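Survey of secondary and tertiary structure
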Amino acid sequence: MATGPPRLPGMPPHTHRPATVLLTALAPAAWGTTYAVTTELLPPGHPMFAGLLRALPAGLLGLALTRVLPRGDWWWRAAVLGALNIGGMPLLFVAAERLPGGVAATLGATQPLLVAALAGVVLHDRPTLWRWTWGVLGVAGVALVVLGPQARLDPVGVLAGLGHTATMAGGVVLTKRWGRPAGVGPLALTGWQLTVGGLLLLPPTLAFEGVPQRIDAGAVGGYLWLGSMGGLIAYTLWFRGLATLPVGAAAPLVLLSPLVAAVIGAARGESLSPLQTCGFVLALAALLAAQLNPPHTRRRTDPMKPLMTIAVLGATGMVGSRIVAEAAARGHRVPALSRKPVGAHPGVIPVPVDAGDPDAVHEALARCGADAVVVTVRTDPVDEDFLLGATRTVLDAGARLGLRVLVVGGAGALRSPGAPGLLVADDPAHVPARWRPVAAAGVAQLRACRSHPHTDWVYLSPPALLEPGLRTARYRRGTDTLLTAADGRSWISAEDLAVAAVDELQAPGPDRHITVVDAGGDRGRPAACRQAVVRKGPVTS
């Protein structure tokens with residue numbers, strides 16, 4: 001009996017949601033216009049003033065639109081992020097004024113490499129050869145496009161360019177680490193940071209530069225462009241993307257800035273040599289390759305090579321404890337996340353954490369170096385808000401860290417057999433009234449998964465009846481419709497559900513919503529339970 005679909009040979013590597021990538025990419029594309037705007041429209045010698053007008057008015061507008069202020073720790077976090085992401089902006093203008101555009105762009109192209117290094121320290125996101133290789137190739141491609149024989153290296157300009165790149169890299173990593181407060185959108189987060197950055201720039205701007213003596217119509221247009229499309233809009237899209245894309249996919253998008261600058265130059269009559277064209281293609285290939293999972297990630301899920309680290313949230317529950325045991329027995333490393341420590345077992349690492357604390361869950365998953373995470377939380381009586389919050393927290397962490405997420409959900413989210421338009425949760429034949437809230441919570445949980453920007457997840461619905469039993473490793477697998485045996489019963493032991501869950505992680509199938517049912521008759525049930533089935537409601541874990 002097959003226990004799960006094998007990975008198909010030649011299956012293309014997973015890509016991140018295209019719409020999210022494209023929207024996030026608009027930010028560095030807009031920043032790519034900075035060099036042309038600065039050199040062609042703005043008065044020279046006023047980099048801090050340009051940074052001030054790009055940040056402070058846009059930040060105040062963001063605050064006015066959202067009417068949301070930081071709370072608690074987010075006062076100092078917003079200050080740090082604002083200083084890193086926005087406060088270093090004058091360095092960019094200094095580099096743009098003192099260096100040829102090509103040199104400044106090449107320095108900026110090193111940001112993905114700096115992000116990879118910082119992510120290894122701060123996020124415990126281990127840099128891979130895939131990321132390093134394409135990062136170096138991206139820098140090389142940009143250099144081929146923008147560096148010419150007349151490129152000069154002004155020391156102050158070089159230091160300014162590297163300083164801006166380093167501050168932005170630190171801002172990217174800390175934005176991934178801290179995420180956003182609950183209920184706060186990317187526009188509010190952007191408003192906080194732009195305001196902080198603008199306030200930091202205000203005193204030195206007034207003390208050292210002042211207002212340019214002459215601001216013509218072109219300069220007004222340039223400042224408006226930098227503050228709107230290059231400021232509030234771009235940073236909102238950027239922070240939105242950082243919250244959902246893995247850091248290794250988001251950071252290389254900055255390569256678009258020098259590429260857009262090159263396109264602008266071509267539009268103004270500059271021609272690209274064959275060598276520059278090759279560099280353009282190489283940099284674009286590096287950017288696109290960062291959106292794919294590296295080949296070694298797929299090899300790590302080979303069922304013949306149990307080399308994964310599988311984190312389990314809810315490790316002491318009926319299902320969670322059995323998944324921990326099953327994964328550890330196959331040789332996997334298993335961080336067991338729960339409020340209470342789990343029993344000692346080779347390969348199992350107890351990690352005390354409260355599933356209701358998003359920061360603690362993010363931190364635990366980052367530190368344990370997981371390849372995948374299983375969500376098995378439940379409450380009795382059912383608490384739908386807690387269930388959805390914990391699920392979204394893990395999906396957020398999965399997006400940030402590039403983890404596969406397996407959610408052990410409820411049977412209520414399945415379609416009723418014989419009535420494809422009816423969910424099990426709404427079918428009285430399967431769900432008595434007293435179990436309706438439990439079934440409804442499972443439906444809401446699946447909807448939360450489907451609406452989340454993270455795309456690398458699978459929702460495992462158990463059959464109608466799930467209880468402790470024996471491990472037979474025999475089950476039938478289906479997709480989104482409740483499975484039943486020949487006698488009409490829908491049952492599986494928690495032990496065999498754990499087998500199915502680990503099988504799915506080792507050899508992921510193409511389906512987002514799957515279910516299983518016992519395939520061995522009553523062999524998996526304890527002898528005392530081999531009587532007429534007393535129907536129970538669908539479970540949420």
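Quick notes on the pairing of strand β5 (residues 404-408)
Counted residue by residue, β5 has 5 buried out of 5 residues, so it is predominantly covered. The alternating pattern of β5 places R404, L406 and V408 on one face and V405 and V407 on the opposite face, and all of these are buried. Bridge count for strand β4 (residues 372-375) against β5 is 4 bridges, and the pairing is parallel. Bridge pairing links V375 to V407 in β5. Between the parallel elements β4 and β5, the chain passes through helix α18 (residues 384-401) in a crossover that is right-handed. When β5 meets strand β8 (residues 457-461), the two strands line up parallel, connected through 4 bridges. Residue pairing across strands places V407 opposite Y459, the latter belonging to β8.

A closer look at the packing of helix α13 (residues 256-267) against helix α14 (residues 274-289)
Relative to each other, α13 and α14 sit at 145°, their axes nearing to 10 Å. Remark: the crossing between α13 and α14 carries left-handed chirality. Counting all contacts with α13, which are made through L256, L259 and V263, the residues of α14 involved are F280, A283, L284 and L287. Partitioned by chemical class, the residues of the contact of α13 with α14 number 7 nonpolar, no polar and no charged.

Observations regarding the pattern of salt bridges
Applying the stated rule across the entire model yields 12 salt bridges. For E326, the salt bridge goes to R471, with nearest N and O atoms at 2.8 Å. One end of the pair, E326, is in helix α16 (residues 318-329); the other, R471, is in the loop between β9 (465-467) and β10 (475-478), with 145 residues separating them in the sequence. Between D480 and R415 there is a salt bridge, with its nearest N and O atoms 3.1 Å apart.

About the criteria used
- Residues numbered from 1 in each chain as written.
- Predicted model: local features only at pLDDT ≥ 70, side-chain atom pairs only at ≥ 80, totals over all residues.
- Heavy atoms only, no water.
- Buried < 20%, exposed > 50% of the residue type's maximum accessible area, 1.4 Å probe, protein only.
- Helix = DSSP H or I, 4+ residues; strand = E, 2+ residues; numbered from the N terminus.
- Pairing = 2+ DSSP bridges.
- Right-handed = clockwise from strand over helix to strand, strands pointing away.
- Axes fitted to C-alpha atoms, helices over the stretch in contact; angles between N-to-C directions.
- Left-handed = near helix turned anticlockwise from the far one by under 90°.
- Contact = heavy atoms within 4.5 Å.
- Nonpolar A, V, L, I, M, F, W, Y, C, P; charged D, E, K, R; others polar.
- Salt bridge = Lys/Arg side-chain N within 4 Å of Asp/Glu carboxyl O.

So far we have only geometry, and geometry alone does not tell us how the molecule works.
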